[in-house]
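Notes for the structure review
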Amino acid sequence: MTAATRTTEQTRHTPVPSLGPDDAARRANLRRMRLMASGLLVLAAIVFVLTHGRDGAWGYVNAASEAAMVGAVADWFAVTALFRHPLGIPVPHTAIIPRRKEMLARSLEHFVAENFLTEPTIREKVLDAEVTARLGEWLSDPVNAERVIQEASPLAARALERVGGADLQAFVEQTLLPRVRREPLSPLAGHLLEAVVEDRAHQGLMDIGFRELHSWLVAHPSEVNRIIGARAPWWSPTWVDDMVVGRIYQELVAWAKEIDDNKGHRVRQALDSYLADLAQDMQHDPDTMANAERLKERILEHPQVGPSVVAVWDAVKIVLLEQLGDPHGQLRTRLAEELGDLAERMIHDDTMRARLDAWGADAAALLISRYGAELTSVISHTIDRWDGRDAADRIELHVGRDLQFIRINGTVVGGLVGLLIHTVSQLL
């Protein structure tokens, strides 16, 4: 490898993240296990020296200690060869992790992708987690619900503040209004009006209209008399006009009062019938549909439509911002109540809970199917950028303590095997 290549490799590598408090504890445990495994090797060596050349029972001990040393050294070599060259000697097929970390990273990436980040695994895990029930229990605590609103209100306020002004007007005039102009609204409006009439949702508006009509007639007799009197013939005497106009005014007031009081009045029924017919015509009658579209075009072509929409939004935004900023306002109080009701349904409504859990599992599985490869690629990309020696040290820090048991087991098993072989040889 040339000097330029080595420089490129060094600049390409990024350091392994610095050690934390947990890593210090791992390092201490690793050091302790190393000392234990090495201590067994030293103990076996001492026993071998002390029993060398002796016969009888000591021969068995000597054979066991000799085999224990062999097992200990062999397993020390095997464990050390994973992370570095034993004794610094570049023996082939040693320092496996520093030399082949890219291949190991790819293998780890594929292992995680094929065994953990799969759609069935993620879907099963999400369903087993019962996220909806847990979230409902958490939200059922008023403190937590208030916390959600408290955290979300500033975010919602900042989002509202960004919507408006010239950008909103440009969106309304360049995108929204042209889109509305292209879409036929008559069938949609007719279907909506039909649903309103069937549900009698318009009755409240009719009540307000007839109530206001009666109140206006009572409060403005002179204006009503002047309007009616303007239709009197020129040749009729004034006193006759006054009597007739007064009588008509009284009948108008009584008529408006009767409509306001009687929810089943014929005028109300006539209006219901007219609205029902209008709803059908707006959906099926070509002439009515054409008239509705022409009315829509005239309204949309008015130069003040765009600014009016923006002005309405600005007024609504001011109210929303004031309510979001008031901890005791109606909006935040209502949001807290709605969160409480939602939490109760998430806990006790089995159908809703199952549906939300299924949606969550499907969403998680969809994300994994589309972006699982990008997620697992973080493993290989990160390890590729690590320096080989640093990566080996970090991996050894996490798994080295358990690997020392291989050395310990090798020492013990080697000693037992050596004892067995010596016993068999003596018997033969």
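All figures in this text were calculated on a predicted structure; none of them were measured in a lab. (Residues numbered from 1 in each chain as written. Predicted model: local features only at pLDDT ≥ 70, side-chain atom pairs only at ≥ 80, totals over all residues. Heavy atoms only, no water.)

Looking only at helices and strands, the chain has 19 helices and zero strands in total. Principal axes of the C-alpha set define a box for the chain whose edges measure 155 × 55 × 45 Å. Scored against the burial criterion, the 428 residues of the chain give a buried share of 27%. Within the chain, residue pairs in contact and separated by at least 24 positions form 75% of the contacts whose partners lie at least 6 positions apart. On the chain, roughly 28,200 Å² of surface is accessible, and the fraction owed to carbon and sulfur atoms is 63%. If the 46 positive side-chain charges of the chain are averaged to one point and the 59 negative ones to another, these points end up 9 Å apart. (Helix = DSSP H or I, 4+ residues; strand = E, 2+ residues; numbered from the N terminus. Buried < 20%, exposed > 50% of the residue type's maximum accessible area, 1.4 Å probe, protein only. Contact = heavy atoms within 4.5 Å. Areas by Shrake-Rupley, 256 points an atom, 1.4 Å probe, with all protein chains shown as cover. Lys, Arg positive; Asp, Glu negative; His and termini not counted. Charge placed at Lys NZ, Arg CZ, Asp CG, Glu CD.)

Moving on: the packing of aromatic side chains. Summed over all chains, the structure comprises one aromatic pair. The interplanar angle of 70° and the centroid separation of 5.6 Å between the aromatic rings of F111 and F116 together place this pair among those described as edge-to-face. For F111, a relative accessible area of 44% puts it in the partly exposed group. Looking at F116, the relative accessible area reads 44%, which means it is partly exposed. (Phe/Tyr/Trp six-rings, centres within 6.5 Å; stacked < 30°, edge-to-face > 60°.)

It is worth spelling out the side chain of T376 at this point. Within the secondary structure, T376 sits in helix 18 (residues 350–385). A polar side-chain atom of T376 sits 3.1 Å from the main-chain carbonyl oxygen of A373. Discounting chain neighbours no more than four positions away, the residues touching T376 are E109, V112, A113 and L117. (Polar contact = N/O pair within 3.5 Å; in protein donor to acceptor, adjacent residues only side chain to side chain.)

On to the pattern of salt bridges, then. Evaluated as defined, the whole model comprises 17 salt bridges. A salt bridge links D349 to R345; its shortest N-O distance comes to 3.9 Å. Judged by relative accessible area, R345 falls into the partly exposed class, the value being 44%. The network of salt bridges with common partners includes R34, R84, D393 and E396. (Salt bridge = Lys/Arg side-chain N within 4 Å of Asp/Glu carboxyl O.)

The next point concerns the confidence of the model for the chain. Per-residue confidence for the chain averages 85 on the pLDDT scale, and 95% of its residues sit at or above 70. Taken as a whole, residues 1–11 scores under 50 in pLDDT and shows one contact with residues more than four places along the chain or in a different chain. (pLDDT = per-residue confidence, 0-100.)

Our next topic: the side chain of K296. Structurally, K296 is set in helix 15 (residues 286–300). Looking at K296, its side chain comes within polar contact range of the main-chain oxygen of V180, at 3.3 Å. What K296 contacts, discounting residues up to four positions off in sequence, is V180, R181, E183, P184 and L185.

What follows deals with unusual backbone geometry. Its identity as a non-glycine residue notwithstanding, H93 has a phi of 60°, on the positive side. Looking at where H93 falls in the secondary structure, it is placed in the loop between helix 3 (57–83) and helix 4 (96–99). Since its relative accessible area comes to 67%, H93 is described here as exposed. In the Ramachandran plot, R200 falls in the positive-phi region, its phi being about 55° despite a non-glycine side chain.

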